[in-house]
Amino acid sequence: MRIWKYSGIYMIATGIIHNVVGFIAGWDVLGLMAQDGLFNSVTNQPDRNYIFWFLSIGFFWMILGHAFHKYLLAYNQALPAIFGWYILLFAIIGCVLMPASGIWLFIPQAIIIILAKRNIVR
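Definitions and limits used
- Throughout, a residue's number is its position along its own chain's written sequence, starting from 1.
- Per-residue local features are limited, in this predicted model, to residues with pLDDT of at least 70; the limit for side-chain atom pairs, both in listing and counting, is 80 or more; totals at the level of whole chains, interfaces and linings are taken over all residues.
- The side-chain figures draw on all heavy atoms in the structure; neither hydrogens nor water molecules are used.
- UniProt positions are given in the numbering used here, feature names are shortened, and annotations may be inferred rather than shown by experiment.
- Secondary structure follows DSSP: runs of H or I at least 4 residues long count as helices, runs of E at least 2 residues long count as strands, and numbering of each begins at the N terminus.
- To count toward a patch, a residue needs a relative accessible area over 30% and no salt bridge; like charges are then connected within 9 Å, while nonpolar side chains (Val, Leu, Ile, Met, Phe, Trp, Tyr) are connected within 5 Å.
- All accessible-area figures derive from a Shrake-Rupley calculation using a 1.4 Å probe, and residue coverage is judged against the displayed protein chains alone.
- Salt bridges, as used here, are contacts in which a Lys or Arg side-chain nitrogen is within 4 Å of a carboxyl oxygen on Asp or Glu.
- Whether a residue is buried, partly exposed or exposed follows from its accessible area with a 1.4 Å probe, protein chains only, as a fraction of its type maximum: under 20%, in between, or over 50%, in that order.
- The angle between two axes is taken between their N-to-C directions and runs from 0 to 180 degrees, where each axis is a line fitted to C-alpha atoms and a helix contributes only its stretch in contact.
- Oblique is the label for any angle not under 35 degrees, not over 145, and not in the 65 to 115 range, which are roughly parallel, roughly antiparallel and roughly perpendicular in turn.
- The hand of a helix crossing depends on one turn: near helix anticlockwise from the far one by less than a right angle means left-handed, and clockwise means right-handed.
- Gly is put with the polar residues, along with every residue not named as nonpolar or charged; the nonpolar set is Ala, Val, Leu, Ile, Met, Phe, Trp, Tyr, Cys and Pro, and the charged set is Asp, Glu, Lys and Arg.
- Definition used in this section: a nonpolar core is a set of buried Ala, Val, Leu, Ile, Met, Phe, Trp, Tyr and Cys residues joined via side-chain atoms within 4.5 Å.
- The contact criterion used is simple: two residues touch if any of their non-hydrogen atoms lie within 4.5 Å.

### Here we look at the UniProt feature "transmembrane region" (unreviewed entry) in the chain
Annotation from UniProt places "transmembrane region" (unreviewed entry) at residues 9–30, 50–73 and 85–107. For residues 9–30, the end-to-end C-alpha separation is 27 Å, with 95% helix and 0% strand making up the annotated structure. Within the segment residues 50–73, helix and strand shares are 100% and 0% respectively, and the terminal C-alpha atoms sit 35 Å apart.

Listed below in structure tokens is the structure:
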């Protein structure tokens with residue numbers, strides 16, 4: 001089995017996990033936003049900004065994972081290693097700034113992408 005073929009699925013799963021945590025942790029804030037009618041409900045309130053960006057980044061990872069998955073299906077080859085390097089850099093910076101978070105999940109994903117073209121990861 002070539003695990004690199006699932007790089008897109010791993011990224012989608014990471015986005016889903018991120019947003020499930022966001023919905024659970026931010027449920028009360030999301031409820032207040034809904035009570036305010038959603039339109040322009042984020043404003044400058046830190047808790048609302050936090051949950052908005054938390055969920056936005058999770059959706060971005062799902063979109064990126066979907067694009068990765070489509071590439072892998074269309075070309076049947078590993079992603080370009082540069083994507084892995086960018087993800088690894090993102091993960092390292094995130095781990096330094098927030099070591100007690102789930103951002104470390106990106107490290108194995110990045111390594112899989114980086115090593116896939118070298119036939120080290122199967």
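### Some thoughts on a nonpolar patch on the surface
Nonpolar side chains collect at one region of the surface, where Leu89, Ile92, Ile93, Val96, Leu97 and Met98 lie side by side and expose about 630 Å² of accessible area between them. Turning to its location among the elements, methionine 98 is positioned in the loop between α4 (81–97) and α5 (106–116). On the basis of relative accessible area, methionine 98 is assigned to the exposed category, the value being 52%.

### Comments concerning the packing of helix α1 (residues 7–25) against helix α3 (residues 46–75)
Their axes nearest at 7 Å, the elements α1 and α3 cross at an angle of 165°. It follows from the interaxial angle that α1 and α3 lie roughly antiparallel. Here the hand of the crossing between α1 and α3 comes out left-handed. Across the contact of α1 with α3, the residue classes break down as 16 nonpolar, 11 polar and no charged.

### Observations regarding the nonpolar core
In terms of nonpolar packing, the biggest core is built from 17 residues, with Trp4, Met11, Phe68, Leu79, Ile87, Phe106 and Ile113 touching the most fellow members. Of all the secondary-structure elements, those providing two or more residues to this core are α3, α4 and α5. At six residues, α5 tops the list of elements feeding residues into this core. Setting aside anything within four residues of it in sequence, one finds isoleucine 113 in contact with Ser7, Phe68, Leu79, Pro80, Ala81, Phe83, Gly84 and Ile87. In terms of nonpolar packing, the next biggest core, distinct from the first, is built from six residues, Val29, Leu30, Val42 and Ile51 among them.

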